[in-house]
Amino acid sequence: MLNKTLVQNPLESEGIYIIREVAAQFNNPVLLFSGGKDSITLVHLARKAFAPGRIPFPLLHIDTGHNFKETITFRDALVEKYNLELIVRHVQDNIDRGDVIEEKGKYASRNGLQTQTLLDAIEEFKFDACIGGARRDEEKARAKERIFSVRDDFGQWNEKKQRPELFDLLNGRIHLGENVRVFPISNWTELDVWNYIEQENIELPSLYFAHWRDTFERDGLIWTADDSIVYRETDETITKRHVRFRTIGDMSCTAAVESSASNIQEVIQEIAESGISERGARIDDKRSEAAMELRKQQGYF
């Protein structure tokens, strides 16, 4: 059930406006869905934007094969509940074809390999606009993004060629072969998202709330102990901890935080008091000073 509040959240109004602009200006948009709180919020905004009708574009999930099982279970339930169209493309297929080479060793991750799978899906379906849940407060490279962020015909991003967005005017004109990444919640913060989730009573995967999990510690971070996916050395011992996840990404690069926050109110309080950024537990962002920006330039979400 959609919340029909009389006083609309200005961030919600902006997000709905942007999503409707995508539907009006582009021929073949798609919503990039990871199963995380930001993309779930986008689905909720899209449902509001087109209610009582159905969301008029599909969801696209780039599946690394290293997702938390809770994420996939939630994704499938959400799609069924709201009669959504879901397209899934698998990083494993690119590995099997030899398009990308899987990393090995202690810090191996498939997160960066998603780029090729995403670009292949955009080309396969000829998507001209990809709606994503990136926010400017997440990481410094994100702060350079426009709401309509143009990618060239190779899927690459050039921050020097982005357009001004004066007075909330969004220019969706692109050349043949180009596409636009669209960020309706670009101006939201992590706390804005959580407050909106509370306001709208939006369901989330259980990973976001404190639970007991087999884990091990490496480099001061807490990792889930799933030896089939996450590399663990023999001296890295498994300990059961009460943890939750602030982001839900590739299991091999997304660490947990110790927590007792078992509901939305407690999560909001915990985030407000935290001195660690949301992506502080994402090891893929720490590979270099410009790790995120380099991935974006190559076509990453």
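Refer to the preceding data block for the structure.
Everything in this summary refers to the structure shown in the same document.

Cut-off values and rules
- Residues numbered from 1 in each chain as written.
- Predicted model: local features only at pLDDT ≥ 70, side-chain atom pairs only at ≥ 80, totals over all residues.
- Heavy atoms only, no water.
- Helix = DSSP H or I, 4+ residues; strand = E, 2+ residues; numbered from the N terminus.
- Buried < 20%, exposed > 50% of the residue type's maximum accessible area, 1.4 Å probe, protein only.
- Contact = heavy atoms within 4.5 Å.
- Areas by Shrake-Rupley, 256 points an atom, 1.4 Å probe, with all protein chains shown as cover.
- Pairing = 2+ DSSP bridges.
- Axes fitted to C-alpha atoms, helices over the stretch in contact; angles between N-to-C directions.
- Arc of directions from axis to C-beta.
- Expected span 1.5 Å × (residues − 1).
- Parallel < 35°, antiparallel > 145°, perpendicular 65-115°, else oblique.
- Nonpolar A, V, L, I, M, F, W, Y, C, P; charged D, E, K, R; others polar.

Here's the deal with the overall build of the protein
Inference 1: Counting its secondary structure elements, the protein contains 8 helices and 10 strands.
Inference 2: Classification of the 301 residues of the protein by burial places 54% in the buried group.
Inference 3: Summarising the internal contacts of the protein: among those between residues at least 6 apart in sequence, 73% fall at separations of at least 24.
Inference 4: Here the protein displays about 14,300 Å² of accessible surface, and carbon together with sulfur accounts for 51% of that area.

Here we look at the sheet that holds strand β8 (residues 221-224)
Inference 1: Pairing is antiparallel across the open sheet formed by 4 strands, whose spatial order is β8-β7-β9-β10. Each edge of the open sheet is held by one strand with a lone partner, namely β8 and β10 (257-258).
Inference 2: Direction of pairing for strand β7 (residues 211-218) relative to strand β9 (residues 239-244): antiparallel, over a ladder of 5 bridges. Each bridged residue has a counterpart across the sheet, and for Thr-215 the counterpart in β9 is Thr-239.

Brief notes about the sheet that holds strand β4 (residues 129-131)
Strand pairing in a sheet takes place through backbone hydrogen bonds and is either antiparallel or parallel in direction.
Inference 1: Reading across from one edge, β3-β2-β1-β4-β6-β5 is the order of the 6 strands in this open sheet, with mixed pairing throughout. The open sheet has two edge strands with one neighbour each: β3 (86-90) and β5 (148-151). Strand-to-strand twist in this sheet, taken as the mean axis angle between neighbours without regard to direction, amounts to 30°.
Inference 2: Against the sheet, helix α1 (residues 10-25) contacts β1 (29-32), β4, β5 and β6 (179-182), and its axis sits at roughly 45° relative to β5.

So, helix α6 (residues 190-200)
Inference 1: Regarding α6, the residues found buried are Glu-190, Val-193, Trp-194, Tyr-196, Ile-197 and Glu-200. Down the axis of α6, the buried set is contained in an arc of 160°. They therefore lie on one face.
Inference 2: Packed against the buried residues of α6 are α1, α2 (37-50), β9 and α7 (264-273).
Inference 3: Downstream of α6 by one or two residues, Asn-201 has phi in the positive range, about 55°.

Details of α1
Inference 1: A rise of 1.5 Å per residue sets the reference length of α1, with its 16 residues, at 22 Å; its end C-alpha atoms lie 22 Å apart and thus fit the reference within 8%.
Inference 2: Packed against the buried residues of α1 are β1, α2, β4, β5, β6 and α6.

Overview of the pairing of β9
Inference 1: Here β9 runs beside β10; their pairing, made up of 2 bridges, is antiparallel. Note that in β10 the partner of Arg-244 across the bridge is Val-257.

Focus: the packing of α1 against α2
When two helices pack together, their arrangement is given by the angle between the helix axes and the distance between those axes.
Inference 1: One can describe the packing of α1 onto α2 by two numbers: an axis separation of 9 Å at closest approach and a directional angle of 70°. Between α1 and α2, the angle falls in the class roughly perpendicular. For the pair α1 and α2, contact is made by Glu-12, Gly-15, Ile-16, Ile-19, Arg-20 and Ala-23 and by Leu-42, Leu-45, Ala-46, Lys-48, Ala-49 and Phe-50, respectively.
Inference 2: Of the residues contributing to the contact of α1 with α2, the split by class is 8 nonpolar, 1 polar and 3 charged.

Thoughts on unusual backbone geometry
Inference 1: Look at the link from Ala-51 to Pro-52: it is a cis peptide, with omega at 5°.
Inference 2: Counting through the fold element by element, Pro-52 comes out in the loop between α2 and β2 (59-63).
Inference 3: Its identity as a non-glycine residue notwithstanding, Asn-83 has a phi of 55°, on the positive side.
Inference 4: Even without a glycine there, the phi angle at Asp-219 is positive, about 55°.
Inference 5: Here Asp-219 lies in the loop between β7 and β8.

By themselves, these figures tell us nothing about what the structure is for.
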